[in-house]
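Take a look at the letters that make up each chain.
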Amino acid sequence: MAKESAPRTFVEFGFHPVAFNCAAFAYNPNWQGLLIDGSADQVQDAKVLLPKWLDIRNCFISLNNLDFIREKFAALGILSIDVDGNDYWFLEQLIGVNPSVISVEYNASFGPNSVTVPYDPGFSRLQKHASGWYHGASLTALAKLCSRTGYGLAAVSSYGANAFFTRSGNLDPLTAWRPNLARDRWSGISAEHQWKAIRDLPLQSV
């Protein structure tokens, strides 16, 4: 029996108009995509630089305005989340759209701890902590969330920022975890010491 292919659709929120997770598909007219970002300037740039067939919207996402994402495609190929804040809570609400692939940023500064920042509709990571290390959720927390609906960890980016989940993923998040190489390099501080700097901030165990 031939393996069913994933729908050629994607939704990505939290993106840069030049470099983003679904860029390879965005330029393919056989794909349909919805790109969302809270920065009006980035969205304006994207509308100039990216193909006209894409749906590109300026919107600050909250748990109260996710319906347009749920309703965009009858079947979703890729769901990509990178908002440096409420990533866990948005994924929890959207995982029911049953994407073929989930790409979500994890916070390597949280190490192996199964934690996320509490939901805050106005979350801004630099306002929360000057380091910028306090945001999102750990790889372990995201893997637990995904496992509840039948997804497993399939891959982790080599630079230690994005995690990919599929129905057939079977990696152990504790052994697959990687440090955020760019963060370690520019800060000169290891993930272990980043955790020590933010571990006393409000965190929710999941």
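Use the structure listed above.
Anyway, here's the lowdown on the structure attached to this text. Computed from a predicted model, the values in this text were never measured in an experiment. (Residues numbered from 1 in each chain as written. Predicted model: local features only at pLDDT ≥ 70, side-chain atom pairs only at ≥ 80, totals over all residues. Heavy atoms only, no water.)

1. A closer look at the overall build of the protein chain
The criterion, for reference: Numbering of helices and strands starts at the N terminus; helices are DSSP runs of H or I of at least 4 residues and strands are runs of E of at least 2. What the globule rule says is 2.2 Å times the number of residues to the power 0.38, and the radius of gyration is computed from C-alpha atoms. Throughout this description, buried means an accessible area under 20% of the type-specific maximum (1.4 Å probe, protein chains only), exposed means over 50%, and partly exposed covers the range between. It only takes one pair of heavy atoms within 4.5 Å for two residues to be counted as in contact.
Per the secondary structure count, the protein chain includes 9 helices and 9 strands. A compact globule built from 206 residues should have a C-alpha radius of gyration of about 17 Å, and the protein chain, at 17 Å, falls within 12% of that. Referenced to the eigenvectors of the C-alpha coordinate spread, the extents of the protein chain come out at roughly 45 × 45 × 30 Å. Expressed as a percentage of its 206 residues, the buried residues of the protein chain come to 47%. Long-range contacts, defined as pairs at least 24 residues apart, comprise 60% of the intrachain contacts of the protein chain with a sequence gap of at least 6.

2. Overview of empty space enclosed by the protein
Definition in use: Buriedness of a pocket was judged along seven lines, with at least five required to meet protein on both sides within 12 Å; pockets are open sets of points on a 1 Å grid over the protein atoms alone, cavities are sets where a 1.4 Å probe fits but cannot get out, and lining residues have an atom within 4 Å of a point. Grid points are joined across faces, edges and corners, and a volume is the space filled by probe spheres set on the points. Classification convention: Asp, Glu, Lys, Arg as charged; Ala, Val, Leu, Ile, Met, Phe, Trp, Tyr, Cys, Pro as nonpolar; all other residues, Gly among them, as polar.
Throughout the structure, instances matching the rule amount to 1 cavity of 30 Å³ or more. Along the walls of the largest cavity sit V11, I69, R70, K72, F73, L76, L79, L94 and V97, which together make up its complete lining. Residue classes in the lining of the largest cavity are distributed as 7 nonpolar, no polar and 2 charged.

3. Describing the nonpolar core
Inclusion rule: We call a set of buried residues a nonpolar core when its members are Ala, Val, Leu, Ile, Met, Phe, Trp, Tyr or Cys and they connect through side-chain atoms within 4.5 Å of each other.
V11, F13, L91 and F165 are the most contacted members of the largest nonpolar core, which has 34 residues in total. The leading source of residues in this core is helix 6 (residues 139-147), at 6 residues. Excluding residues that lie within four positions of it along the chain, L91 makes contacts with L79, I81, I102, V104, L142, L145 and C146. If you look at the next biggest cluster of nonpolar residues, it comprises 14 residues, including F15, F20, I56 and I78.

4. Comments concerning the pairing of strand 4 (residues 78-81)
The condition is simple: In this scheme, strands are said to pair when DSSP sees at least two bridges between them.
Burial along strand 4 is two-sided: I78 and S80 and L79 and I81, pointing in opposite directions, are all buried. As paired strands, strand 1 (residues 9-13) and strand 4 are joined by 4 bridges and run parallel to one another. Across the sheet, F10 pairs through a bridge with I78, a residue of strand 4.

5. Comments concerning unusual backbone geometry
Peptide bonds are mostly trans, and most non-glycine residues show a negative phi. At D84, a position not held by glycine, the phi torsion is positive, near 55°. Among the secondary structure elements, D84 is positioned in the loop between strand 4 and helix 4 (87-94). The exposure class assigned to D84 is partly exposed, which follows from its relative accessible area of 23%. For N98, which is not glycine, the phi dihedral falls at a positive 60°. Tracing the backbone through its elements, the reader meets N98 in the loop between helix 4 and strand 5 (101-105). Take N98: its relative accessible area is 43%, and that puts it in the partly exposed class.

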